[in-house]
Amino acid sequence: MPRNGSQSSAHAAREYLSDRIEERPTPQGFMRWSFVLTCFMRILAILWIMKGLSAWAVILGIWTPVGQFEARSTGYQATIIYFALIDLIAAVGLWMASTWGGIMWLLALMSHLILAAFFPGIVSSGVMTVAFFLTLMAVYLAISWLAAREEQ
């Protein structure tokens, strides 16, 4: 027969709300926005894994001649290394459908947009890329908002 202490701790564990979106209880509605958000985050994770691996390809000389990365400016090298790390970290968080993954992704996305605006020689982004990133950000924020309203 369990004691009262173990019953209360089990009850507290059931009430604990995880930060993983897919583990939260979902209402039985027609459109579950938390499911849509999880799918969208996983699609973003695949895109950001490819973006992070492309930065590693530049560092390792796969897409450029060997030694080309070392010959570039320190600012360029630091930017490529930054995106090689933050893009993959954000992709892992997005795949896990965790709140910190979305925050890291927004940080990586805003970093890319700000650097593209102020330092176009280091981070070159065309108008289509900027529009695509802004569209992804707007869709993510809209789905996140709808998923948060669904839980109320």
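Above this text sits the structure in question.
Below you will find a few notes about this structure. Remember, predicted model here, so these are calculated numbers, not experimental data. (Residues numbered from 1 in each chain as written. Predicted model: local features only at pLDDT ≥ 70, side-chain atom pairs only at ≥ 80, totals over all residues. Heavy atoms only, no water.)

This part is about the overall build of the chain. Helix and strand content of the chain: six helices and zero strands. Along the chain, helices (α) and strands (β) appear in the sequence α-α-α-α-α-α when read from the amino end. When each of the 152 residues of the chain is scored for burial, the buried share is 34%. Considering only intrachain contacts with a sequence separation of at least 6, the fraction spanning at least 24 residues in the chain is 65%. (Helix = DSSP H or I, 4+ residues; strand = E, 2+ residues; numbered from the N terminus. Buried < 20%, exposed > 50% of the residue type's maximum accessible area, 1.4 Å probe, protein only. Contact = heavy atoms within 4.5 Å.)

Attention shifts here to the nonpolar core. Residues Leu-44, Trp-48, Trp-105, Leu-109 and Tyr-140 are the most contacted members of the largest nonpolar core, which totals 24 residues. Contributions of two or more residues to this core are made by helix 2 (33–60), helix 4 (74–95), helix 5 (99–118) and helix 6 (127–150). The residues contacting Leu-44, other than those within four sequence positions of it, are Leu-94, Trp-105, Leu-136 and Tyr-140. Counting seven residues, the second-largest nonpolar core is a separate cluster that includes Ala-55, Tyr-76, Ile-80 and Ala-84. (Core = buried A, V, L, I, M, F, W, Y, C linked by side-chain atoms within 4.5 Å.)

Enumeration according to the criterion identifies one salt bridge in this entry. The partner of Asp-87 in a salt bridge is Lys-51, with the nearest N and O atoms 2.9 Å apart. Note that Asp-87 is positioned in helix 4 and Lys-51 in helix 2, a separation of 36 residues in sequence. Asp-87 sits in the buried class, given a relative accessible area of 1%. (Salt bridge = Lys/Arg side-chain N within 4 Å of Asp/Glu carboxyl O.)

With a phi angle near 55°, Ala-97 is a residue other than glycine that sits in the positive phi range. Here Ala-97 lies in the loop between helix 4 and helix 5. Under the relative-accessibility criterion, Ala-97 is labelled buried at 0%.

With that settled, the discussion passes to the environment of Tyr-82. Mapped onto the elements, Tyr-82 comes out in helix 4. The class for Tyr-82 is partly exposed, based on a relative accessible area of 32%. Each C-alpha atom, one on Tyr-82 and one on Ala-108, is 9.1 Å from the other, the two residues being 26 residues apart in sequence. A polar side-chain atom of Tyr-82 sits 2.9 Å from a polar atom in the side chain of Ser-111. (Polar contact = N/O pair within 3.5 Å; in protein donor to acceptor, adjacent residues only side chain to side chain.)

Here we come to helix 5. The first and last C-alpha atoms of helix 5 sit 29 Å apart over 20 residues, in line with the 28 Å expected at 1.5 Å per residue. Where the residues of helix 5 are buried, they touch helix 2, helix 4 and helix 6. (Expected span 1.5 Å × (residues − 1).)

Here we come to helix 6. Along its 24 residues, helix 6 runs 34 Å from first to last C-alpha, staying within 8% of the 34 Å computed at 1.5 Å per residue. The elements touched by buried residues of helix 6 are helix 2 and helix 5.

So, on to the packing of helix 2 against helix 5. Running from N to C, helix 2 and helix 5 cross one another at 50°; their axes reach a closest spacing of 12 Å. Judged by the inter-axis angle, helix 2 sits oblique to helix 5. Classified by chirality, the crossing of helix 5 by helix 2 is left-handed. In contact with Met-41, Leu-44, Trp-48 and Lys-51 of helix 2, helix 5 contributes Gly-102, Trp-105, Ala-108, Leu-109 and His-112. (Axes fitted to C-alpha atoms, helices over the stretch in contact; angles between N-to-C directions. Parallel < 35°, antiparallel > 145°, perpendicular 65-115°, else oblique. Left-handed = near helix turned anticlockwise from the far one by under 90°.)

Of note, Arg-42 is situated in helix 2. By relative accessible area, which is 24% here, Arg-42 ends up partly exposed.

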